[in-house]
Amino acid sequence: MRAKTFPRGIHPPEFKSLSEHLAFETLPAPDKVYIPLHQHFGAPAKSLVNKGDEVLVGQKIGEAPALFSADVHSSVSGKVLAVEPYIHPAGRPVLSVAIQNNGEDRRVDPGDIPADPTALSAEEIRKKVKEAGVVGMGGAAFPTAVKLSPPKDKPIDTVIINGCECEPVLTADHRLMLEFPEDIINGALLVRKATGAARIIIGVENNKKDALDLLRKKAAGTGIEVETVKTKYPQGAEKNLISAILKREVPKGGLPFDVGVVVQNVATAKAVWDAVARNLPLYERPLTVSGPMVTTPKNLIVRIGTPFQAVLDSCGGINGEADTLIMGGPMMGLSQWTADVPVIKGTSGILLWKMDRSPREYACIRCSRCVDHCPMGLVPTQIMKLVKYDHLEKAETWGAQDCVECGSCQYGCPAKIPLVHWIRLGKNKIISIKKKKSA
Ligand code: SF4
Ligand code: SF4
C-alpha cells in the first residue's frame, strides 16, 4: 500500500544515519543551569524564587500568569544564584533563574501517584499536564493543557500522534518510539480522554520501519491505529499530517480544532504520561546532538537549562571547521551566535554545520520551483516581492500569514533568494500593524 502524504514538499538529504541507531544516554546535570521563565508560546512565567533560595529538582520556580503560558520547574537541586535576564536561544535575553547545582539531586515529593492514570477525568488530566508545565516538544512549545481543552463548539473526533520527525538529522523522536513505545501509547490514550476524541492515529514516516513495526505490536488491542506516511518534508507540519492521514484541509488562518483534530508530537505524548502517571514535571527533555561537525553524535536526555556548550562537550566537541550552531533541525531551526545559550523545552536538537556561505543572491528567474514546493499552496516569490516593497496588505491577501516558515521554497531556489526571511519579516510587520490598530 502506498504511504499517505500531502501535496508538494521536498526531499532534502536526511543525515539521520549519524544517530538513528544510538540509544539515549542521560547527560549528568551540569554545575549551573540557566532556566528561562519564557520558553513556551504565550506569556512568560512569573518567578516564584529569589536569589539565595534553595530549590529541589522538579520544584516549581515559575508560575504561568495566563492561560497561554506554562509553569517552569527547576532541573537541579541547589541555590538560586540570580533571577535576571540571560541569553536565550530565541535571540533576545529572557528573565531566567540561574541555579548552582549542589550535586545532591534532591527531588520534590511527587505526591500521590495515581493507581490507574487512565481512570482520571479529563479535567484531572488537563490539571496535571498544566501543573507539570508540559508544552509541545516538537519545537513550537505550545502549552499542552490548552491543546487538551478544545472549544465546546469544536468537538474533536481524532487525535493524531506525530511521529514523523521529518526534519533532516534529528532522531530523538525516532529513538523515543523505539525505547519508550508504551509511554507514548499511554500518553496518547490520556490525550484522547482529555479531548473527548474517539480515534487515535500515530503517524510515522516510512523511513522508520522499526518504529512502525514496534508501535503496531505494542498498540495491538488498544484501538490505536498506526499509519505509515511518506518520508517527505514537511510531512510533520500539523496541517500536512492532517491532510495526509485524514484528507481534511485546515482552513486558511484556522487550527486543527476547526477540522476536529488535535495533533501531539510523540515526545509530548510521553511527557503527558510522565506528568499524569508519574507526577513528573517537564525539567528534562530528549534531543539529538548531530551534524557532520559533531565528533560523536548522540541522542541525549538533557536537563532544561544546561548550556549548549556542556552538551557539545559531552559529544567530544567540534570536529573540523563548523561555522553554524543550530537549535532544532536544519530546515526550521534557529541559528545561535553562542554555545552558552541554555537547553529549553523546545530544544529538539543541537546541530553543528559548515554552511555554504556564498553570499551572492541572483534575480528571480521565475522558474516557479518555490511555488511547486510550497506545502501551503502559496506563491512565495510574489509574497517576497510584496513584502520587499512594503505592500503588506497585498502580501496578506496573497496568504503571507499562512506561511508555516518551513523553508521548502528557499531550499530549491536557484537564485538563492532568502524567501523565508522576507516572508517572516512581512508576517511580523502585519502582526504589529494589527496590534497598533487594535490598541
Ligand atoms: S524558486 Fe527562486 S528563482 Fe524560482 S521563482 Fe521562486 S524565487 Fe524565483
Ligand atoms: S512560503 Fe512558507 S509555507 Fe510555503 S514553502 Fe515557503 S516557507 Fe514553506
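All values derive from a computational prediction rather than experimental measurement.

Calculation criteria
- Residues numbered from 1 in each chain as written.
- Chains lettered and ligands numbered in written order.
- Predicted model: local features only at pLDDT ≥ 70, side-chain atom pairs only at ≥ 80, totals over all residues.
- Helix = DSSP H or I, 4+ residues; strand = E, 2+ residues; numbered from the N terminus.
- Pairing = 2+ DSSP bridges.
- Axes fitted to C-alpha atoms, helices over the stretch in contact; angles between N-to-C directions.
- Contact = placed C-beta atoms within 7 Å.
- Domains from an automatic or database assignment.
- Nonpolar A, V, L, I, M, F, W, Y, C, P; charged D, E, K, R; others polar.
- Core = buried A, V, L, I, M, F, W, Y, C linked by C-beta atoms within 7 Å.
- Buried ≥ 20, exposed ≤ 12 C-beta atoms within 10 Å, placed from the backbone.
- Near = placed C-beta within 6 Å.

A. Expanded view of unusual backbone geometry. Here the residue pair Tyr-233 and Pro-234 is connected by a cis peptide bond, since its omega of -5 degrees sits within 30 degrees of zero. When you line up the elements, Pro-234 lands in the loop between β11 (225–229) and α6 (238–246). In this model, Ser-368 sits at a positive phi of 70 degrees, which is unusual for a non-glycine residue. Along the chain, Ser-368 turns up in the loop between β17 (349–353) and α9 (369–373).

B. Representation of the sheet that holds strand β4 (residues 54–55) in the model. Strand order in the open sheet formed by four strands is β2-β8-β7-β4, and the pairing between neighbours is antiparallel. Whereas interior strands pair on both sides, the edge strands pair on one side only; in this sheet they are β2 (32–36) and β4.

C. A look at the sheet that holds strand β10 (residues 199–205). Pairing is parallel across the open sheet formed by four strands, whose spatial order is β11-β10-β9-β12. Both outer strands of the open sheet, β11 and β12 (261–265), are each paired with one neighbouring strand and no more. Across the sheet, the mean angle from the axis of one strand to that of its neighbour is 25 degrees, orientation sign disregarded. Summarising the sheet, β10 and β11 pair through five bridges and their orientation is parallel. In the sheet register, Glu-205 faces β11, and the bridge partner there is Val-229. Packed onto the sheet, helix α7 (residues 266–278) meets β9 (158–163) and β12 and runs at close to 90 degrees relative to β12.

D. Here's a closer look at the domain arrangement of the chain. As assigned here, the chain comprises domain 1 (16–20 + 114–278) and domain 2 (369–438). Between the C-alpha centres of domain 1 and domain 2 there is a distance of 29 Å. Taken together, the contacts link six residues of domain 1 with seven residues of domain 2. Across the side of domain 1 that touches domain 2, the residue classes tally to three nonpolar, two polar and one charged.

E. The nonpolar core, seen in detail. Counting 106 residues, the largest nonpolar core has Ala-188, Val-272 and Val-311 as its most contacted members. Sort the elements by how many residues they give to this core and α7 lands first, with nine residues. Beyond its immediate chain neighbours, meaning those up to four positions away, Val-272 contacts Val-129, Val-134, Thr-144, Gly-187, Leu-190 and Val-191. Cys-370, Ala-395, Cys-403 and Trp-422 belong to the second-largest nonpolar core, a separate cluster that totals 18 residues.

F. Broad picture of the site of ligand 2. Around ligand 2 sit 16 residues in total, of which Cys-374, Cys-403, Cys-406, Ser-408 and Cys-409 are the nearest. For the shell around ligand 2, the elements supplying multiple residues, two or more each, are α12 (408–411) and α13 (419–438). Sort the elements by how many residues they give to the shell around ligand 2 and α13 lands first, with three residues. For the shell around ligand 2, the per-class residue count stands at twelve nonpolar, three polar and one charged.

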